[in-house]
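# Commentary on secondary and tertiary structure
Chain residues, written in single-letter form:
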Amino acid sequence: QVQLVESGGGLVQAGGSLRLSCAASGRTFSSYVMGWFRQAPGKEREFVAAISASGGSTYYADSVKGRFTISRDNAKNTVYLQMNSLKPEDTAVYYCASRWGSNYEAISPMQYDYWGQGTQVTVSS
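Read on for a plain summary of the structure. (Residues numbered from 1 in each chain as written. Predicted model: local features only at pLDDT ≥ 70, side-chain atom pairs only at ≥ 80, totals over all residues. Heavy atoms only, no water.)

### A look at unusual backbone geometry
Quick note on the threshold: Secondary structure follows DSSP: runs of H or I at least 4 residues long count as helices, runs of E at least 2 residues long count as strands, and numbering of each begins at the N terminus. Burial here depends on accessible area, computed with a 1.4 Å probe over protein chains only, as a share of the maximum for the residue type. Under 20% is buried, over 50% is exposed, and the range in between is partly exposed.
A positive phi is found at N77, a non-glycine position, where the angle reads about 55 degrees. Mapped onto the fold, N77 is located in the loop between β7 (68-73) and β8 (78-83). Here N77 falls in the buried class, since its relative accessible area comes to 18%. The backbone phi angle of S85 is positive, close to 50 degrees, even though this residue is not glycine. Classification of S85 by relative accessible area gives partly exposed; the value is 42%.

Shown next as structure tokens:
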């Protein structure tokens, strides 16, 4: 079983930056694809970004491409989401998730096995 704990959320002005972190338990972190999702009030959970187990490949939603960067440090069992040029529409609870396997282009929440509790990101205009 994998436990995930997000941190780094907060309130930021439009155009600003935040870096989210997700710390994972377990000795097999380097075997999991890691993803970030977000959910705004009244909306479905949506895919943001994912990274392969080795960290060599990444995949992004069109809405964040060029602004957000996903990375991971397998020695620290941690995945990051660097968010730049934030917009009010980025406001949501952000979740990290993990899935066993090699498909880092998995964008459905149903394809992920373990989830963190979420961290709130609020972007003011």
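Here the narrative resumes, following the displayed structure.
### Digging into the side chain of R38
Threshold: By the criterion applied in these results, polar contacts are pairs of N or O atoms within 3.5 Å in which, for protein atoms, one can donate a hydrogen and the other can accept it, and in which residues neighboring in sequence qualify only through two side-chain atoms. Should any heavy atoms of two residues lie within 4.5 Å, those residues are counted as being in contact.
Mapped onto the fold, R38 is located in strand β4 (residues 32-39). Look at R38 and you get buried, because its relative accessible area is 6%. Separated by 2.6 Å, the side chains of R38 and E46 make a polar contact. At 2.9 Å, the side chain of R38 forms a polar contact with the side chain of D90. Not counting residues up to four positions away in its chain, the partners in contact with R38 are E44, R45, E46, V48, S63, V64, F68, E89, D90, A92, V93 and Y94.

### Some details on the pattern of salt bridges
Basically, it comes down to this: For this document, the term salt bridge refers to a Lys or Arg side-chain nitrogen within 4 Å of an Asp or Glu carboxyl oxygen.
With the rule as written, the count across this model stands at four salt bridges. For R38, the salt bridge is made with E46, and the minimal N-O distance between the two is 2.6 Å. Three or more residues joined by partner-sharing salt bridges are found here, namely R38, E46, R67 and D90.

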